[in-house]
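In case you want the letters, here they are:
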Amino acid sequence: MKDDDVIISVKGLETFFYTNNRCNKAVNGVSFDIKKGKTLCVVGESGCGKSVTASSIMQLLPKLSRIENGEITYHSNEGDIRIDQLKKNGPKMRSIRGSDISMIFQDPMTALNPVYTIGFQIGENLQYHTDLNRAERKGQSIKLLKEMGIPLPEQRINEYPHQYSGGMRQRAMIAMAMACNPKVLIADEPTTALDVTIQAQIFELMDKLKEEHDTAIMLITHDMGVVTELADDVVVMYMGNIVENGTVDDVLRKPAHPYTKALLESIPVLGRGKNQVIEPIKGSTPDPYNRPKGCQFAPRCPFADSSCQVMPDESSISDTHSVRCLHPMEAV
Amino acid sequence: MKRITMLLILIGLVLLVSLPVFAGGQNEAEAPAEETAVMEEGVGPTNSNPLSDLRVRQAIAYAIDMDTIAETMFDGMVLPATGRVPDGPMKAPGLNRYAYDPDKSRALLKAANWDPNYKLDLGYYYGDQMTVDLMTAIQAYLSDVGIKMSFRKLEGDVGAQLNSVPTDPANGPSAVEIDLGYGGHAALALQEYFNVYKTGKSAQYPSDPKMDALIDAINATADPVELKKALFEIEKYEVDNLAAYSLYYMPMFVYESIDLNRNGEIYGNPQYNYDWNIQNWTMKPESNGKMVLQTNGGPIEFFQNPWENPGIWISNKVLYDRLIACDGALTPTHGQMADYELSSDGMTLKFTMKDGVKWHDGAAVTVDDVQFSIEKIILAPTAHKVLLSTFNSIKGAEEFIAGTADHISGINTDGNTITIEMAKLDPNILLTFTQFAILPEKYLADADPLKMLQSPFFQHPVGSGPYKIGKVEMNDYLVMVPNEDYYDGVPKIDEIQCYPSFDSDPNVVKNATAGILDYGFSKNPSEVSSLRALDNIKLETVDVPYTRILWFYQYPKK
Amino acid sequence: MLTYTLRRLLILIPMLLFLSFLIYLGLELTPGDAVSYMISPERYATMDPAELEAVREALGLSDPFLIRYVKWLGGVIKGDFGYSLQSGVPIKDIVFDRLPATLELSAGAILISTIFGIFFGTISALKRGSIGDNALTLAGMLGVSVPRFIFGLLAILLFTFHLKWLPVGGRLRPGYEGFMDRLPHLIMPTLVLSSTLIAGVMRYSRASMLDAMNRDFMKTARSKGLPEWRVNFVHGLRVSLIPVIVLIAFRLPILLGGTVIIEQVFQWPGIGNEFIGAVRSRNYPIVMMIAFFTTFAVLFVSFLIDLFTALLDPRVKLD
Amino acid sequence: MNGTKKKITRLEKKFDRILMREDTGLIKKKKGSRAFRKLMSNRLAVAGIIIVSVILLAAVFAPLICRYDPLKLDLRNKLQKPSIVHLLGTDQLGRDIFARIVYGGRVSILVGMGSALTSAVVGVAIGAYTGYKGGLLDNIMLRLSEIVMAFPQIILVLLLVTIMGQGLRNLIIIFTLTGWGGIYRMTRAQMLSLREEEYVQALRAFGLNSFAIAYKHMLPNAVGPIVVNITLSTAMFILYEAALSFLGLGVPLNISTWGNIVNIAQDLRYLQFFWWLWVPGAIVISLFVLGVNFIGDGLRDSADPMQQG
Amino acid sequence: MSEARETILTLKDVETHFPIKKGVFKRTAGHVKAVDGISLEVYRGETLALVGESGCGKTTLGKSILQLVKPTGGKIIYNDKATERDLCRLSQKEMMEVNRKLQIVFQDPQSSLNPAFTVFGSLQDPLKTHGIKSKAERRKIIGDLLESVNMRREQMDLYPHEFSGGQRQRIGIARALSIEPDLIVCDEAVSALDVSIQAQVLKLLKDIKKERNLTYIFITHDLSVVEYISDRVAVMYLGKIVELAEVEDLYASTMHPYTKALLSAIPVADLDRRKKRILLEGDVPSPVNPPSGCPFHPRCNQCQDICKKVIPSLKKFETNGYEHYSACHFAEEQLSQ
């Protein structure tokens, strides 16, 4: 059994998409743990499967997709629950969603229903997971909004999403997600649609909530900067696989996978000055329907050789650090 | 996407181009140019219009197999015609039938040097399927002898398109576009059939002194023997000369529900007024014991003026009474509202009002009402021609119309009698008074004769007939109830309900089938065919033919 | 809101003016006038041009076109909608006499088609790809593909002549004028009229619902642990309704057009029937006013629908 | 793992099949347009294409498949029931109904497709330019289309028919006059959204003239919905033709069109007792319109990248 | 830096306002002041970055320069070495000539190429318009262009959907280069790209600039990228420039609290440079009703009374020997913090 502070463990998860009579192996064998009170950052470029992983945990996959293999275990107070074996929209799954595990999305404008007030949408969550009556729900919603730093919550609770600004909408989303004090908050690129100053506010808020509620956060992002600032643990994904997994120090200071390393070297970093050297990664991400054999990164990897034609296994570098590469980088 | 688009556009274009080309399949076949011996008959063209050549007109007449058409298309309902005047005592003997003879037709065309590329343009105004069918058939027959013909329903100002008279009645040019016209003609008085040919009256027939003389002859006498002779002459001249080609006589049909009982009362010309004694009719009572007659002809916006179409609307038949009653053949029989006396020279007519003749509002019908009615109608140009021609012949009518006299000097009243003195003889004077509805002066005194129908009177008319208005819902229904004061006895049927549906309206058959039509009349063969198939309807053929004619527009074209 | 209302109404004015001019001009260009219809062709031929002119004069038809138009327009502005050329009945009376019939018919059809259309469309979307969905799609397609009058005639054939359940047509019978008496007359025309409308609404609300189902907030609603019915109906249906309502507004002209045919088939004494009659008899004032009324009604109702959409969709601000 | 696995649904089976083929490398990158493939996988659309093609081909090659001239009268053999001699019987004038329907298709399809194409040409030509350019002209055209569209179309058509008179060419002109509004507005809306696309801005930055930008560069991207619209209005105009025939204002009755053939059903006698006079026509008209609608819907789905299947 | 820098573009009080129509007769009730009085000089051969959050008007300013959006006021003077012309007052024909020299690269690789045309089809029309009549010549030019953005010549006959996002962006750059411009406005040219691709494009832009002696106006919200690519930076807030400085200078001696907050808000991918964030309160105010006084004052943690009343002008300072402009009443105090 895992150590006590793991709240969700994912093992060998495979989620495939079946659209247009093709099969896209969007997530192809992914294992990681989300720890209580910690932030796990899942980082990767678009199409790497990070959002699908999140949706798999919430069982919110679209109709034309399914979890093929693997285990998603939620270590609840009442014992372990195998989420992958629950009925997609069954009562058990629904009681977990929004109450034990919550999720916030990339674009709060589209993620909120435009025709209902913010209060109604937060209240709905409370209605289905608590015994509060209508008045209490309203009070609780106001409290939540206040906690999220929305001014005049008594008034704004009756407003519609379009009357909110972008940052406020995301705060309202978070209020909704935090309504039932969940154990895990999954944030799927929560600030991509926001400006940097607002992004900073949202991260500050998430940090605060993590501290106060001991909530585990799974943060999905493509921005290495965000990872650096927020993560306790990091998972780097590429084309449906986790290529590197470790604490933030492990991954950022001693990147073992050529992809992680290349990624870090390809972005300009604020403060390094005008003459910093950035090294682009050659080529582009492969077509998911026409994947390379073996290691998915091999065609773009400067260290690849013929042995990379076989998908490498995960190998440990330290207790906390593992990598999926035949030629891991030497620690600097 | 792009490929599909290109494909679709391509297909579309190909079709657009190809369809009209292929649609040629619907064009008439080329006429076989067979040679037959040249006939002696006929004379050459009188002007640049090929139809002015009698041989061409004859060729058209010979080309149409009216016998087969009558037998098949019309299910034997119609009678192939020979001349305008329907069969009967006034029908001239030995008229040319122009029986179907395509070979003769071709020969005549050849003799007339018919240009096979010349396309005749036929116009008609009936909207029913049967007319289209007939036109299609005529087109096919003409095509068979080598005459191209197209046809179209005239829209809009139909009268002008058919009947505009050229400014020069002798030489034209024609004031209408079409070459052939198809239409019907029913005459209240037989003279009407031929008066249309008079110089300056016809859009089709160029001025013809001989015809004018013949027309004068039939209008000059009221004597039946002389009239008959004159009529025979003009009938023969018309047929031989093919001024127009009478195709067939369409009899009238009266249809009645099996629940209606006329109690022996007569049938007659349903387009006009005759003494049908509706007050004696009965219906099978409904469950509540009420006798209800349902029929058509309910008003849509207003009640029709009885002076325009004297009897075509059932409401006009039963709401108003006339001074003289006539039988089914429109022969005057006896006084209705008044007793009458015609002087032997036919120049003085005297009416004595009967007692107890009352308007629906209870007031008595007076001779002043009669005088008023005549002086009103004479100013209304839309009134029926036979009526007008009688009234225009009254002494002093001209002055009255011109506005130089306050009254018509030929009309004089005295107590309950009224005397009418004629300026010139009118053979139809009695007939006129069998059709002329007297209207109450007090409601219409101020009405403008040019727009009588806009008078509030025609929203809720008051007459003196056996029935009066019960309730009107314009465009929904009209209920008429018995006139309790009716001098010939209170009518037995408790209610007449009229729905707005008319001749040639497909709803007639639907309503009859659904049992909400107990009485009506029709001159529409397809309607009659449909009605004939119904179990709850009996059909009565009334021998009042309506002549259907093919007009030849003989003036030179512009 | 008020200013929006005002502006919409103000925009109507030039549109209606333009429209009225077009129609007036159009009718002017048609061959014939009311006179040639009032008088049967046979008699027309025998009338002197002077006599005809007198009739035209009396009916006010001999003025030049523009003067007649301006006169007419002046009347309308003064609230005088003119008189039927033939009966002299005020057109207001005629229109208001016919209006209830058409309203009855179209209101019934709108109601039926909206309710059933949205219901079937939503079900179809939720069960996308199922046999029921396919059957409904096919039925809907059939509904828009069969000519409406064929539907009408078949209905008469079946319900009146074979089953003898319903009357053949018409609206009122003497002595039977209450709503319940009218109901049997109303059933067939309403159903036939709504049949094609249902199909349209159904197809559209299916697409709209499918669209709503793909939206992000549905995922959010599920992520809150809401039951499926609530996700679909409270969140999905509500949002999908907005474009459907707008579509129904857009269909109003089609509906009014549809009543023309249906009123003919079922002898329904409504505006459409009156219009056809007036067009055929060149009764300009009536044609004008009906064209006017219908256009105004359509524009006005679509404006009402705008307001209604604003109520349904908080995002829509009417300024 | 398997014990608790839910029952295998149809969808799951489909997934398994795809997965198996994917794993064995059977699925190769398909050639040809994706939209085309999608259209061909839509069963209703394929049915539509078949129906429409059969009727179309029959109409185009009418002389080859008809034994009789559609205009040939045979009064003595009128109202014959369907038989070997006359496949669909004869009408009230003894004309062969099969031939009339086949030849009638030419006119009806010409009216439908011709009107749809001409109104598309007008609507697209105006919509593409004004939609891109905006300004006063755009405003005027928009108002004009609002007027045209606010007016119940059939009423407008009736008005125009009485003004212009009946006839094939007039009908197409009238349908164009009344029908351009819809496609104009759709094209305009498309252009409005395309106008924001960056490649359009790029072309403007190169100083290209508006005609070239609107018609050459933007229009091809709006073609999908336009084609769908043309298809659907073809169906609509065919129905209009029938409706006008019903009111007696359509193509002159002596020309066989589907509308004129079916119109006979107004006569209760034929409706009740001579079903073969109108039933085949009604079926063909409905089938053709149905087929066209199927195609239109299929095209719409295949042009829409959002819908997956 | 040499003192005799040649200006290629001079902006004087450029204003781009969009009217807001209200009321029954659609009176203009107010304006969205997207660009509100911007004066700026762009020097030949430099990369000037325009940074700011969404809604600050940077993209509108970029489009205003190319006249894709008509500015409502001010002058934009373009100096093509021979003449100086005010772009706002040029006729369409004259503007077309200028368009040879001013080009733009857009943000979204999805919509920057016409999906209905091949690359050649998309790129040839500008060439045609600008006088290259022979098709063979156009093919050669486009082939060369593709090679210059590290793509293969043959790829000109492919359709946009056959390219990846990065490739499309490179084609977009090739298109902008096709008529050999002097100045290219890069409007968020790398923002929509994946990180691994972003670097390729950035590097490409930098290389091309060197090769062809181009001038860039680089519009972005990403200050990390700005630091890497630009020479000078103009920070915009609510339609106005709040700070303008040489890039190193801006980072080293920030003279506006907004710039400071912006810099601190950026997550930095370097564990050793983690720092305390300066949190701004609230959101960017609406450009319809900008706050009185300093537009930044409602969010500024150093706001004084004067900030609420007086609009600070863009004042010139000198830091580390460079010109440094700041629109803060307390610009110099910022330095000492």
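Small disclaimer: the values here were computed from a predicted structure and weren't measured.

The rules we used
Residues numbered from 1 in each chain as written. Chains lettered and ligands numbered in written order. Predicted model: local features only at pLDDT ≥ 70, side-chain atom pairs only at ≥ 80, totals over all residues. Heavy atoms only, no water. Helix = DSSP H or I, 4+ residues; strand = E, 2+ residues; numbered from the N terminus. Rg over C-alpha atoms; globule rule 2.2 N^0.38 Å. Buried < 20%, exposed > 50% of the residue type's maximum accessible area, 1.4 Å probe, protein only. Contact = heavy atoms within 4.5 Å. Areas by Shrake-Rupley, 256 points an atom, 1.4 Å probe, with all protein chains shown as cover. Lys, Arg positive; Asp, Glu negative; His and termini not counted. Charge placed at Lys NZ, Arg CZ, Asp CG, Glu CD. Patch = residues over 30% accessible without salt bridge, like charges linked within 9 Å, V, L, I, M, F, W, Y side chains within 5 Å. Salt bridge = Lys/Arg side-chain N within 4 Å of Asp/Glu carboxyl O. Buried area = accessible area lost by both parts, 1.4 Å probe. Polar contact = N/O pair within 3.5 Å; in protein donor to acceptor, adjacent residues only side chain to side chain. Axes fitted to C-alpha atoms, helices over the stretch in contact; angles between N-to-C directions. Parallel < 35°, antiparallel > 145°, perpendicular 65-115°, else oblique. Left-handed = near helix turned anticlockwise from the far one by under 90°. Phe/Tyr/Trp six-rings, centres within 6.5 Å; stacked < 30°, edge-to-face > 60°. Lys NZ or Arg CZ within 6 Å of the ring centre and 35° of its normal. Expected span 1.5 Å × (residues − 1). Bend = angle between axes of the 7 residues up to and from the residue. pLDDT = per-residue confidence, 0-100. Pairing = 2+ DSSP bridges.

Q: Before we go on, may I ask you to explain the overall build of chain B in this structure?
A: Of regular secondary structure, chain B possesses 17 helices and 19 strands. On C-alpha atoms alone, chain B measures out to a radius of gyration of 26 Å, which is about the 24 Å that the 2.2 N^0.38 rule sets for 558 residues. Overall, chain B is about 80 × 65 × 45 Å in size when its C-alpha atoms are taken along their principal axes. Classification of the 558 residues of chain B by burial places 60% in the buried group. At a minimum sequence separation of 6, the contacts of chain B that also span at least 24 residues come to 71%. Entry remark: accessible area of chain B is about 20,500 Å², with carbon and sulfur atoms responsible for 52%. For chain B, the separation between the mean place of its 44 positive charges and that of its 74 negative charges on side chains is 4 Å.

Q: I'm lost on the overall build of chain C in this one. Help?
A: Across its full length, chain C holds 13 helices and 0 strands. Starting at the N terminus, the α and β elements of chain C follow one another as α-α-α-α-α-α-α-α-α-α-α-α-α. Within chain C, the proportion of its 319 residues that are buried is 60%. Intrachain contacts of chain C at a sequence separation of at least 6 include 74% that bridge at least 24 residues. A total of about 12,500 Å² of accessible surface is found on chain C, and carbon and sulfur atoms cover 71% of it.

Q: For this particular structure, what's the right way to read a nonpolar patch on the surface?
A: All names here are of chain C. A surface patch of nonpolar side chains, amounting to about 300 Å² of accessible area, comprises L9, F296, F300 and L304. Turning to its location among the elements, F296 is positioned in helix α13 (residues 284–312). According to the relative accessible area criterion, F296 is partly exposed, its value standing at 36%.

Q: Explanation requested: the interface of chain E and chain A in the structure shown.
A: The extent of an interface is frequently quoted as the accessible surface area lost upon association of the parts. Across the boundary between the two partners, chain E contributes 43 residues, which contact 48 residues of chain A. Considering only the side of chain E, the residues that lose the most area to chain A are P267(E), L271(E) and R277(E), jointly responsible for 17% of the buried surface there. Among the salt bridges present, the one from D231(E) reaches K274(A), with a minimum N-O distance of 2.4 Å. Where chain E packs against chain A, one counts 12 residue pairs in polar contact (both at pLDDT 80 or more). At the level of elements, α6 (195–212), α7 (223–229), α8 (247–252) and α9 (257–265) of chain E are the ones that each hand at least two residues to the side of chain E that touches chain A. No other element matches α6(E), which puts 8 residues into the side of chain E that touches chain A.

Q: Help me out: how do you make sense of the packing of helix α2 (residues 54–63) of chain B against helix α4 (residues 102–111) of chain B in this one?
A: Any two packed helices are characterised by the angle at which their axes cross and by the distance between the axes. Residue and element names in this part refer to chain B. The interhelical angle for the contact between α2 and α4, taken along N-to-C directions, is 160 degrees, at an axis separation of 8 Å. As summarised for this structure, α2 and α4 are arranged roughly antiparallel, according to the angle between their axes. With respect to the hand of their crossing, α2 and α4 are arranged in left-handed fashion. Along its contact with α2, which presents R55, Q58, A59, Y62 and A63, the element α4 presents P102, K104, S105, L108, L109 and A111.

Q: Would you take a moment to explain the packing of aromatic side chains for this structure?
A: Per the stated rule, a full pass over the model turns up 46 aromatic pairs over all chains. Considering the side-chain rings of Y129(D) and Y215(D), the 6.4 Å spacing of their centres and the 15 degrees angle between planes classify their relative orientation as stacked. Pair noted here: Y129(D) is in helix α5 (residues 97–133) and Y215(D) is in helix α10 (residues 210–218), with a separation of 86 residues, a long-range link. Each member of the aromatic cluster is reached from another via a ring pair, and the members are W307(B), F351(B), F391(B), F433(B) and F436(B). Here the basic side chain of R139(E) rests over the ring of F120(E), its NZ or CZ set 4.9 Å away from the ring centre. Above the ring of Y228(E), the side-chain terminus of K206(E) is found at 3.9 Å from the ring centroid.

Q: When you look at a positive patch on the surface in this model, what are you seeing that I'm missing?
A: A cluster of like positive charges, contributed by K63(A), K127(C), R128(C), R10(D) and R43(D), occupies part of the molecular surface. Looking at the element boundaries, R43(D) is found in helix α3 (residues 43–60). In this structure R43(D) comes out as exposed when scored by relative accessible area, which is 76%.

Q: What exactly am I supposed to notice about helix α7 (residues 153–164) of chain D here?
A: Three or four residues apart is the spacing at which side chains of an α-helix point the same way, because the helix has 3.6 residues per turn. Residue and element names in this part refer to chain D. Between the first and last C-alpha of α7 there are 16 Å, a value that for 12 residues agrees with the 16 Å anticipated at 1.5 Å per step. Counting buried positions along α7 yields 11 of 12 residues, so the element is predominantly enclosed. All of the buried residues in α7 are Q153, I154, I155, L156, V157, L158, L159, L160, V161, T162 and I163. Looking at the residues trailing α7, positive phi occurs at G165, about 90 degrees.

Q: Would you mind showing me how to read helix α11 (residues 228–265) of chain C here?
A: Residue and element names in this part refer to chain C. In this model, α11 (38 residues) spans only 45 Å end to end at C-alpha, well below the 56 Å of a helix rising 1.5 Å per residue. The largest bend along α11 reaches roughly 40 degrees and is located at L252, with the proline P253 sitting one to four residues downstream. Within α11, 27 of the 38 residues are buried, which leaves the element mostly enclosed by the surrounding structure. The positive-phi residue at the C-terminal boundary of α11 is Q267, with phi of around 50 degrees.

Q: Help me out: how do you make sense of the side chain of D138(D) in this one?
A: Along the chain, D138(D) falls in helix α6 (residues 135–150). Within the structure, D138(D) has its side chain in polar contact with the side chain of R188(D) (distance 2.7 Å).

Q: Explain the pattern of salt bridges to me, please; I cannot follow it from the model alone.
A: Oppositely charged side chains may form a pair once their charged atoms are brought near each other. For the structure on display, the rule yields 61 salt bridges over all chains. E159(A) is the partner of R156(A) in a salt bridge, and the nearest nitrogen-oxygen pair spans 2.8 Å. Residue classification places R156(A) among the buried positions, given a relative accessible area of 16%. For D249(A), the salt bridge goes to R253(A), with nearest N and O atoms at 3.6 Å. Taken together, the residues span about one helical turn, with D249(A) and R253(A) both in helix α10 (residues 248–253) at a distance of 4 residues. Accessibility expressed as a relative area gives 37% for D249(A), which makes it partly exposed. We classify R253(A) as partly exposed; its relative accessible area is 40%. One network of salt bridges, in which partners are shared, links K140(E), D144(E), E147(E) and R153(E).

Q: It is not clear to me how unusual backbone geometry should be interpreted in this structure. Could you clarify?
A: Peptide bonds are trans in most cases, and residues, glycine excluded, mostly fall at negative phi. All names here are of chain B. One non-glycine residue, L242, lies in the positive phi region at around 45 degrees. Positionally, L242 belongs in the loop between α9 (224–241) and β5 (244–257). Unusually for a residue other than glycine, N277 sits at a positive phi of about 50 degrees. Along the chain, the position of N277 falls in the loop between β6 (260–261) and β7 (282–283).

Q: What is the right way to look at the confidence of the model for chain B in this model?
A: Reading predicted coordinates in detail is not appropriate for stretches of low pLDDT. Mean pLDDT over chain B: 85, with 91% of residues reaching 70 or higher. For residues 21–42 of chain B, every residue scores under 50 in pLDDT, and the model assigns this stretch 45 contacts once sequence neighbours within four places are set aside.

Q: Sorry, what's going on with the pairing of strand β16 (residues 477–482) of chain B here?
A: Along any regular strand the residues' side chains alternate between the sheet's two faces. All names here are of chain B. The buried count for β16 comes to 5 of 6 residues, which makes it a mostly enclosed element. As paired elements, strand β15 (residues 467–473) and β16 share 6 bridges and run antiparallel to each other. Within β16, the residue paired with E473 across the bridge is Y477. As consecutive antiparallel partners, β15 and β16 are separated by 3 residues, and within that stretch N475 has a phi angle of approximately 75 degrees, a positive value.

Q: Can you walk me through the sheet that holds strand β14 (residues 417–421) of chain B in this structure?
A: Across a sheet, paired strands are connected by hydrogen bonds in the backbone, their directions being either parallel or antiparallel. Residue and element names in this part refer to chain B. Overall, antiparallel pairing links the 4 strands, which are arranged β11-β12-β14-β13 in an open sheet. Edge positions in the sheet fall to β11 (338–342) and β13 (411–414), since each of these pairs with one other strand and no more. Averaged over all neighbouring strand pairs, the angle between strand axes comes to 15 degrees, with direction disregarded. Two elements, β13 and β14, share 4 bridges in a ladder whose sense is antiparallel. The partner of I411 across the bridge, within β14, is I420.

Q: What's the story with the environment of R171(A) in this structure? I'm lost.
A: Residue and element names in this part refer to chain A. As for its placement among the helices and strands, R171 is situated in helix α7 (residues 166–178). For R171, a relative accessible area of 13% translates into the label buried. Through-space distance from the C-alpha of R171 to that of G225 is 21 Å; in sequence the pair is 54 residues apart. Discounting chain neighbours no more than four positions away, the residues touching R171 are M148, G149, I150, Q201, I202 and L205.

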